[in-house]
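What follows is each chain in one-letter form.
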Amino acid sequence: MDELKGLLSGAGKQLFDAAGQAITSAATEYIGSVINEMFVKKESDTKRFLPSIKNMKVLNERSKGRPSADVQDFYQIRQQCLENGTLFEDPEFPAASSSLMYSQRPDRHYEWLRPHEISDGPEFFVEGFSRFDVQQGELGDCWLLAACANLTQDQKMFLRVVPEDNSFEDEYAGVFHFRFWQYGKWVDVVIDDRLPTYRGQLIYMRSSEHNEFWSALLEKAYAKLHGSYESLRGGTTCEAMEDFTGGVAEMYDLKDQTPPNLYEIIEKGFRRNSMFGCSIEADPNVLEAETPEGLIRGHAYSITKIQLVDIETPGRSGKIPLIRLRNPWGNEAEWNGPWSDKSPEWRYIPDEQKQELGLNFDHDGEFWMSYRDFTRYFDRMEICNLSPDSLADDEFTRGKISWEMSMFEGEWAVGSTAGGCRNYLDTFWHNPQYIIRLEDPDEDDEEGNCTVIIALLQKNRRARRNMGVECLTIGFAVYRVTDRDLAQKPLKLNFFKYNASAARSPAFINLREVSCRFKLPPGTYVIVPSTFEPNEEGEFIIRVFSETANGMMENDENVGVGDIDDRIAPDVPGYVQPSPQRQAMERLFLDVAGADGEVDWVELKRILDHSFRDDNISSEGFSKDVCRAMVAMLDVDHTGKLGFEEFQQLLTDIAKWKAVFKLYDTEGSGRLSAFQLREALNSAGYHLNNRILNALVHRYGSRSGTIPFDDFIMCAVKIKTMIEIFRERDTEGLNQATFSMDEWVEKTLYS
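> Teacher, can you tell me more about the overall build of the protein here?
Summing up its helical and strand segments, the protein has 25 helices and 24 strands in all. Within the protein, the fraction of its 751 residues that count as buried is 55%. A fraction of 75% describes how many contacts in the protein between residues 6 or more apart in sequence connect residues 24 or more apart. Accessible surface for the protein amounts to roughly 33,300 Å². Of this, 47% is attributable to carbon and sulfur atoms.

> Is there a simple way to explain the nonpolar core in this structure?
Inside soluble globular proteins, nonpolar side chains tend to come together where they are buried. Grouped together as the largest cluster of nonpolar side chains are 55 residues, with contacts concentrated most on Leu144, Phe178, Phe180, Leu217, Tyr229 and Phe244. Counting residues per element, the ones that place at least two in this core are β1 (111-113), α9 (142-151), α10 (155-161), β2 (175-182), β3 (185-192), α11 (214-225) and α12 (237-245). Beyond its immediate chain neighbours, meaning those up to four positions away, Tyr229 contacts Phe93, Ser99, Leu100, Trp112, Leu139, Leu195, Pro196, Tyr204, Glu219, Lys220 and Ala223. Within the second largest apolar cluster, 50 residues are counted, among which are Trp657, Ala674, Phe709 and Val717.

> In this structure, what is going on with the sheet that holds strand β5 (residues 201-202)? I would like to understand it.
Pairing between the strands of a sheet comes from backbone hydrogen bonds, and it takes one of two forms, parallel or antiparallel. Ordered by their spatial adjacency, three strands build an open sheet running β1-β4-β5, and the pairing between neighbours is antiparallel. Looking along the sheet, the strands with just one partner apiece sit at the ends: β1 and β5. When β1 meets strand β4 (residues 195-198), the two strands line up antiparallel, connected through three bridges. Paired with Glu111 across the strands is Thr197, a residue of β4.

> For this particular structure, what's the right way to read the pattern of salt bridges?
It is possible for side chains of opposite charge to pair when their charged atoms get near one another. Applying the stated criterion across every chain, the model contains 35 salt bridges. Two residues, Arg512 and Glu242, come together in a salt bridge whose shortest N-O distance is 3.4 Å. Taken as a pair, Arg512 in the loop between β16 (503-504) and β17 (513-520) and Glu242 in helix α12 lie far apart in primary sequence, 270 residues in all. Classification of Glu242 as buried rests on a relative accessible area of 1%. The partner of Glu382 in a salt bridge is Arg380, with the nearest N and O atoms 3.7 Å apart.

> It is not clear to me how the packing of aromatic side chains should be interpreted in this structure. Could you clarify?
Each aromatic ring pair is summarised here by two numbers: the centre-to-centre distance and the angle between the ring planes. Evaluation of the coordinates by the stated rule reveals 43 aromatic pairs. Here the aromatic rings of Tyr434 and Phe540 are separated by 6.4 Å at their centres, their planes lie at 90°, and the arrangement is edge-to-face. With Tyr434 in strand β13 (residues 434-438) and Phe540 in strand β19 (residues 538-546), this pair connects stretches of sequence that are 106 residues apart. Note on Phe540: relative accessible area 0%, which makes it buried. One aromatic cluster is present, built from ring pairs that chain together Phe124, Phe125, Phe158, Phe168, Tyr172, Phe176, Phe178, Phe213 and Trp214. Across from the ring centre of Tyr198, 4.7 Å away, lies the NZ or CZ of Arg108, which sits over that ring. In this structure, Arg628 is placed above the aromatic ring of Trp601, and the distance from its NZ or CZ to the ring centre is 4.6 Å.

> Where do I start with the sheet that holds strand β7 (residues 275-279) in this structure?
One open sheet accounts for six strands, arranged β6-β11-β7-β8-β9-β10; its pairing is antiparallel. The sheet is open, and its two edges are formed by β6 (248-253) and β10 (366-370), each paired on a single side. Strand-to-strand twist of the sheet, defined as the mean angle between neighbouring strand axes without regard to direction, takes the value 35°. Here α9 sits on the sheet and contacts β7, β8 (300-312) and β9 (317-326); the angle it forms with β8, its principal contact strand, is near 50°.

> I would appreciate a short explanation of the pairing of strand β11 (residues 380-385) in the present structure.
Strand residues, when the strand is regular, have side chains that alternate between the two faces of the sheet. By the criterion of burial, β11 is predominantly enclosed, with five of the six residues buried. When β6 meets β11, the two strands line up antiparallel, connected through six bridges. Pairing of Tyr252 across the sheet is with Met381, part of β11.

> It is not clear to me how unusual backbone geometry should be interpreted in this structure. Could you clarify?
In terms of backbone geometry, most residues other than glycine have negative phi values and most peptide bonds are trans. Following Lys489, the chain continues to Pro490 via a peptide bond in cis, the omega torsion being -10°. Residue placement: Pro490 occurs in the loop between β15 (474-481) and α17 (493-498). One non-glycine residue with positive phi stands out, namely Arg199, at about 55°. For Arg199, a relative accessible area of 71% puts it in the exposed group.

> I'm lost on the side chain of Thr706 in this one. Help?
Looking at where Thr706 falls in the secondary structure, it is placed in strand β24 (residues 706-708). Of note is the side chain of Thr706, whose polar atom sits 3.1 Å from the side chain of Ser704. Ignoring anything within four residues of it in the chain, the contact list for Thr706 reads Arg671, Leu672, Ser673, Ala674, Tyr700 and Gly701.

> Sorry, what's going on with helix α13 (residues 262-271) here?
In an α-helix there are 3.6 residues to a turn, and that puts residues three or four apart on one side. Taking burial as the measure, the ten residues of α13 include seven buried ones, the bulk of the element. Looking at α13, one finds that the buried residues are Leu262, Tyr263, Ile265, Ile266, Lys268, Gly269 and Phe270. With its phi angle positive at about 65°, Asn273 sits one or two positions after the end of α13.

> Where do I start with a nonpolar patch on the surface in this structure?
A contiguous nonpolar patch, built from Met741, Val745 and Leu749 and spanning about 290 Å² of accessible area, is present on the exposed surface. Given the relative accessible area of 34%, Val745 is considered partly exposed.

> Is there a simple way to think about the packing of helix α21 (residues 644-664) against helix α24 (residues 709-729) in this case?
Closest axis-to-axis distance for the α21/α24 pair is 10 Å, and the angle between their directions is 125°. Put simply, α21 runs oblique to α24. The handedness of the crossing between α21 and α24 is right-handed. Between α21 and α24, the contacting residues are Gln649, Asp653, Trp657, Lys658, Val660 and Phe661 on the first element and Phe709, Phe712, Ile713, Ala716, Val717 and Lys720 on the second.

> I'm lost on the confidence of the model for the protein in this one. Help?
A low pLDDT score tells you not to read the predicted coordinates there in detail. The pLDDT averaged across the protein works out to 83; a share of 85% of its residues lies at or above 70. Overall, residues 61-69 carries pLDDT values under 50, and its contacts beyond four positions in sequence, including any with other chains, amount to 18 contacts.

> Can you help me understand helix α6 (residues 74-84) in this one?
Listed in full, the buried residues belonging to α6 are Phe74, Ile77, Arg78 and Cys81. Buried residues of α6 fall within an arc of 95° about the axis and therefore sit on the same side. Of the residues that open α6, the one with a side-chain oxygen 3.0 Å from the backbone nitrogen of Tyr75 is Asp73. Just downstream of α6 lies Gly85, where phi reads positive at about 70°.

So, how was this worked out
- Residues numbered from 1 in each chain as written.
- Predicted model: local features only at pLDDT ≥ 70, side-chain atom pairs only at ≥ 80, totals over all residues.
- Heavy atoms only, no water.
- Helix = DSSP H or I, 4+ residues; strand = E, 2+ residues; numbered from the N terminus.
- Buried < 20%, exposed > 50% of the residue type's maximum accessible area, 1.4 Å probe, protein only.
- Contact = heavy atoms within 4.5 Å.
- Areas by Shrake-Rupley, 256 points an atom, 1.4 Å probe, with all protein chains shown as cover.
- Core = buried A, V, L, I, M, F, W, Y, C linked by side-chain atoms within 4.5 Å.
- Pairing = 2+ DSSP bridges.
- Salt bridge = Lys/Arg side-chain N within 4 Å of Asp/Glu carboxyl O.
- Phe/Tyr/Trp six-rings, centres within 6.5 Å; stacked < 30°, edge-to-face > 60°.
- Lys NZ or Arg CZ within 6 Å of the ring centre and 35° of its normal.
- Axes fitted to C-alpha atoms, helices over the stretch in contact; angles between N-to-C directions.
- Polar contact = N/O pair within 3.5 Å; in protein donor to acceptor, adjacent residues only side chain to side chain.
- Patch = residues over 30% accessible without salt bridge, like charges linked within 9 Å, V, L, I, M, F, W, Y side chains within 5 Å.
- Parallel < 35°, antiparallel > 145°, perpendicular 65-115°, else oblique.
- Left-handed = near helix turned anticlockwise from the far one by under 90°.
- pLDDT = per-residue confidence, 0-100.
- Arc of directions from axis to C-beta.

In structure tokens form, the structure reads like this:
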């Protein structure tokens, strides 16, 4: 923020202040990184950041539910191209090296070709779509391919991501579009169909059919969403599955922490149309090394089916759980153990069940294995549980069971809501808090518990990797609470000091999302999401999936006016009874005001600076901005001046705010820790929620996380002014007020 202030001209800064604009943490970090790149990089280097910066702006607008002038409209672009007789060339994701890589230059010359330049008679789909249409290229994004293979298993979800109106035949104009879930919103990503090739062949994702291009174009759209193809290197299958479905993902370590009911979890997941992926830990010495059993280390597989199969042997009969998996390479690299293609175990399965399973022994990357061998040879499994809107009642999902889902967006702001984990107890309670109420246990739970999946997702990190932004280390804790505990909003330090968590994320980790499944007794709980260290800034989404209703809400204060701290009034000199300093200030006012009996902001500043010159909390004097704001706060007739009675009211407010400041500035430094702002404003009689506190800290906090006296007074002035403007219009006490556009602009600009 300091760099941003330095770039603003005097007039620009006044307008910035007058508008009362609060920059969010994401915007602050984003603008700071852009400015840094512009100043420290050569011009040629800076240019390569511009497309992704523009994409980032559009994505931020979309994720907040706001329309952006820069959002590309597929139908409008296609119509313009058809009218002009041209093929679309995407300026936001150009056919250039910057769209391929951000950390280095390509090792050879790649040619960007349209599908009709690669193949005769290109088609979007060749005889429909299937999991066999996904073949991996040179890019290390097998995690994305595994998710794509899973997506093809559900026609409804697939066609939401891959719209049917994409075509090389009807109204072809070289433009295509795909839809992805991004942080609570579905966004439409528009691309042209120029694809990177080498010697006339696709270098990245491709279909098994040479003239089919939906998968290559889907990968390009996903790369555009995240800034470049290189941004897709390395990831988890569940990340892409979430972006394809809007679901919530879980990860299971099959070696150290395999839950005893894992098969039941998988079975329930398939009943709810969940999507599954799995992998084997990579060999640090060999990339995607093949094991003796035919499995590939460091490689993502998709799980496409689970089945209890009847088995009949000469000695016995019964059922055995089998799992079907697919290698995204789509070739002969398959499992070669029991139940693999053409293994002798299949002769013990009745022919009708083989037909029901759709069994084939093609070299297509797909194979079966027993559940026992699956847990033995694979190291990690990922589940993407679908949100209720993905299971609408139609022929593809009829009979499926849906989760109950709740979702909130939040922010960790330096000095305000970025309190860090419980290791930092003094600031931990400043993190955002969310209440869930679990009343009805699961129908099939013998112990009467409730299944809950809690997922904490940090926003917009992968798309900023080319700016050096990596994932924060995040996690969450869950506390059981009573109604008596919740009388205090939010829960304060003492609650966390004397109460242990009822559940928590397995670890704090630097992944896009941290999630965990719990079995909790019915009751009321508070979830506290946090970064590991305090003062790490970022935006997040917290989601709760449960088998029964969870009644999620934010545990935060209601904005309004309350009682003044007993430690402040009525014992503060000058607050009720005039002090010698106050009497001296009133005499000075009369001297300075002159014949008209009023002072403007310049004269007010002279009075206050003179009166506080020996006070260590305002040794630098009051800024012109706070003096202007003080005048505006009490200047009912908008003359730009204060009369004597208004000045007396101002002195009462200043005495109160000064006493509050001294109460919390225990070291006499002339500064408050930004983490103290909520309590200080509460003592002054103002109750604010996290969003407003974040805005105030962004606006008035320093880089060191402190707030000087002058800026604390400014906070108090702004809060009092805006609350009084609102209450003046809320004549019926309904917490509602109506303003015309010109009224709102006038009041906010002047205040």
